[in-house]
Amino acid sequence: MDAAGVAWHLQELEGWDGSEVRSEYQGREADHGAWPGRVYLSERPITLAGKIEAPDLVALDDAMEQLRAAAALTATTLTVYETVPKQAVVRRSGKPLIRPITDRIAEYSLLVTAADPRRYATSLQSGTTGLPSTTGGLSVPLTPPLTLSAVTVSGAFAAPNVGTMSTRPVFIISGPVTQPQILVQQPDGTVQSLLYSQSLAAGEQLVIDCDSHSVVLDGTASRRRWISTPAGWPEIPASSTSTIQFQSVAYDAAAMLTAQWRSAWL
């Protein structure tokens, strides 16, 4: 029940359990069966249906207007509070059906579609590291007793995905840094890399979105042409933990890499 005393009942959530697939089959010549092609998930249409109960007609009218506005034509986050809360970004994809039953009760049915079929964790995970370095330690000449003190920055961090589908991180590189590289090592030892052939000055920030395949400098300028992905755009596999490493052709203590990602489910 909301602050206006309106009770919202969700009685149907169709489409949240899975999306259709896109696949192609090429019939075998002079043989039984077919050759299977790649299989991809399609967009995810979701139908939400239920009932609104309001204390009076004015509150019911306001609630119906709120519902029409919530099923927006622009990207809207739909959250489903399961044991592990999950979300999807949706837009209206059909006419809202809202039918008053009495002056206090109405039934509704909304059709929205998530272009990205993944269901994501509501909690955003992140990791940050500088370039690998070691400072301190022994210096010569040595005089007993010896004191060993050194500070090591590994230049790497772990990125877990507890979901059932691979997820695609967003990387943020903060300068100054010369020709930065991002390496994503998978549990099986394979490595996917992002190599940026330019340099970033102090205060500049490069955002690399592995899902949209975009590379943007300081929020406005595309730098997609200067990124190379020899093994494809990096992903964090389902039910796995990847190791993300930050490298550069020259060391700068102020250089920084941040990764953001959400666990994803089918």
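Here the structure is shown first, and the text comes after it.
The shown structure was predicted, so the numbers you read here are calculated from the model rather than taken from an experiment.

**Considerations on the side chain of Thr-129**
Now for step 1: By secondary structure assignment, the location of Thr-129 is in strand β12 (residues 125-129).
Now for step 2: Reaching out from Thr-129, the side chain makes a polar contact with the backbone nitrogen of Gly-155 at a distance of 3.5 Å.

**Examining the sheet that holds strand β19 (residues 191-196)**
Now for step 1: Read from one edge of the open sheet, five strands run β15-β25-β18-β19-β24, paired in antiparallel fashion. Both edges of this open sheet fall to β15 (156-161) and β24 (227-228), since each of them pairs with a single strand only.
Now for step 2: One ladder, built from five bridges, connects strand β18 (residues 181-185) with β19; its direction is antiparallel. Following the sheet pairing, Ile-182 is matched in β19 by Leu-194.

**Concerning the environment of Asp-188**
Now for step 1: Relative to the helices and strands, Asp-188 is located in the loop between β18 and β19.
Now for step 2: Separated by 2.7 Å, the side chains of Asp-188 and Thr-190 make a polar contact.

**A short note on a negative patch on the surface**
Now for step 1: The grouping of Asp-56, Asp-61, Asp-62 and Asp-103 at the surface amounts to a negative patch.
Now for step 2: Among the residues examined, Asp-103 registers a relative accessible area of 48% and is labelled partly exposed.

Criteria and thresholds
Residues numbered from 1 in each chain as written. Predicted model: local features only at pLDDT ≥ 70, side-chain atom pairs only at ≥ 80, totals over all residues. Heavy atoms only, no water. Helix = DSSP H or I, 4+ residues; strand = E, 2+ residues; numbered from the N terminus. Polar contact = N/O pair within 3.5 Å; in protein donor to acceptor, adjacent residues only side chain to side chain. Pairing = 2+ DSSP bridges. Patch = residues over 30% accessible without salt bridge, like charges linked within 9 Å, V, L, I, M, F, W, Y side chains within 5 Å. Areas by Shrake-Rupley, 256 points an atom, 1.4 Å probe, with all protein chains shown as cover. Salt bridge = Lys/Arg side-chain N within 4 Å of Asp/Glu carboxyl O. Lys, Arg positive; Asp, Glu negative; His and termini not counted. Charge placed at Lys NZ, Arg CZ, Asp CG, Glu CD. Buried < 20%, exposed > 50% of the residue type's maximum accessible area, 1.4 Å probe, protein only.

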